[in-house]
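Architecture and fold: a report
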Amino acid sequence: MNMNDPIASLLGNWATELNLYSVLLRVAVSVVFAAMIGCERASKRHAAGQRTFILVSLASTMAMMLDKSFSPSNPQIISAAAVIAIAIISSNSILYSSKNQIKGLTTSAGLWACGIIGLAAGAGFYTLSILLFLFLLCS
């Protein structure tokens with residue numbers, strides 16, 4: 001499936017290919033969005049804060065870019081492993097309290113969603129990254 005990202009089309013061919021400038025843009029998009037989400041979570045004293053969200057998103061972005069550079073036509077191996085790793089990491093933030101309540105479920109879902117934003121940014125889907133970020137921030 002070949003998707004044309006409107007923002008990448010506006011920026012030019014350099015934004016759709018893997019080169020130094022597109023890598024810097026993808027990493028910047030990933031880090032800025034994750035920092036904003038993490039800052040909001042950290043301000044409310046939740047389990048995972050700004051650094052955790054940045055690391056998860058950055059790792060996802062790098063995994064997707066590695067997949068695209070190794071196999072441009074079929075990028076899925078490393079990024080699939082990244083999704084599994086994010087699920088494992090985020091599941092560790094879920095705790096059961098002594099009152100039979102589940103805590104950390106929202107943080108876990110936020111980490112997973114932030115990892116997906118990183119994957120979208122790493123794939124060069126800037127519009128999708130922005131939309132996912134806005135929906136995640138609003139929720």
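Residues numbered from 1 in each chain as written. Predicted model: local features only at pLDDT ≥ 70, side-chain atom pairs only at ≥ 80, totals over all residues. Heavy atoms only, no water.

The next point concerns helix α5 (residues 77-91). Between its first and last C-alpha, α5 extends 22 Å over 15 residues, near the 21 Å set by a 1.5 Å rise per residue. Those residues of α5 not exposed but buried are S79, A82, I86 and S90. Each buried residue of α5 sits inside an arc of 60° when the element is viewed along its axis, so together they form one side. In α5, the exposed residues that point more than 90 degrees away from the buried face are I77, I84 and I88. The inward-facing, buried residues of α5 abut α4 (50-70) and α6 (105-123). (Helix = DSSP H or I, 4+ residues; strand = E, 2+ residues; numbered from the N terminus. Expected span 1.5 Å × (residues − 1). Buried < 20%, exposed > 50% of the residue type's maximum accessible area, 1.4 Å probe, protein only. Arc of directions from axis to C-beta. Contact = heavy atoms within 4.5 Å.)

What follows is about α4. Helix length check: α4, at 21 residues, gives a terminal C-alpha distance of 30 Å against a target of 30 Å (1.5 Å per residue), a fit within 8%. Those residues of α4 that fall on the buried side of the exposure criterion are F53, I54, V56, S57, S60, T61, A63, M64, M65 and D67.

Along the chain, E40 falls in helix α3 (residues 20-43). Take E40: its relative accessible area is 28%, and that puts it in the partly exposed class. On a C-alpha basis, the gap between E40 and Q50 in space is 8.0 Å, while along the polypeptide they are 10 residues apart.

Moving on to a nonpolar patch on the surface. Together, L11, W14, L20, Y21 and L24 line one region of the surface with nonpolar side chains, adding up to about 540 Å² of accessible area. For the nonpolar patch, the leading source of residues is α3, giving three residues. By the element assignment, L20 lies in helix α3. For L20, a relative accessible area of 56% puts it in the exposed group. (Patch = residues over 30% accessible without salt bridge, like charges linked within 9 Å, V, L, I, M, F, W, Y side chains within 5 Å. Areas by Shrake-Rupley, 256 points an atom, 1.4 Å probe, with all protein chains shown as cover. Salt bridge = Lys/Arg side-chain N within 4 Å of Asp/Glu carboxyl O.)

Along the polypeptide, S90 turns up in helix α5. Accessibility expressed as a relative area gives 4% for S90, which makes it buried. Those residues in contact with S90, other than ones at most four positions away along the chain, are S108, L111 and W112.

Judged by nonpolar contacts, the single largest core of 18 residues is most densely connected at I37, F53 and I117. Within the residue set of this core, elements represented by two or more residues are α3, α4, α6 and α7 (126-138). Looking at which element gives the most residues to this core, the answer is α3, with five residues. (Core = buried A, V, L, I, M, F, W, Y, C linked by side-chain atoms within 4.5 Å.)

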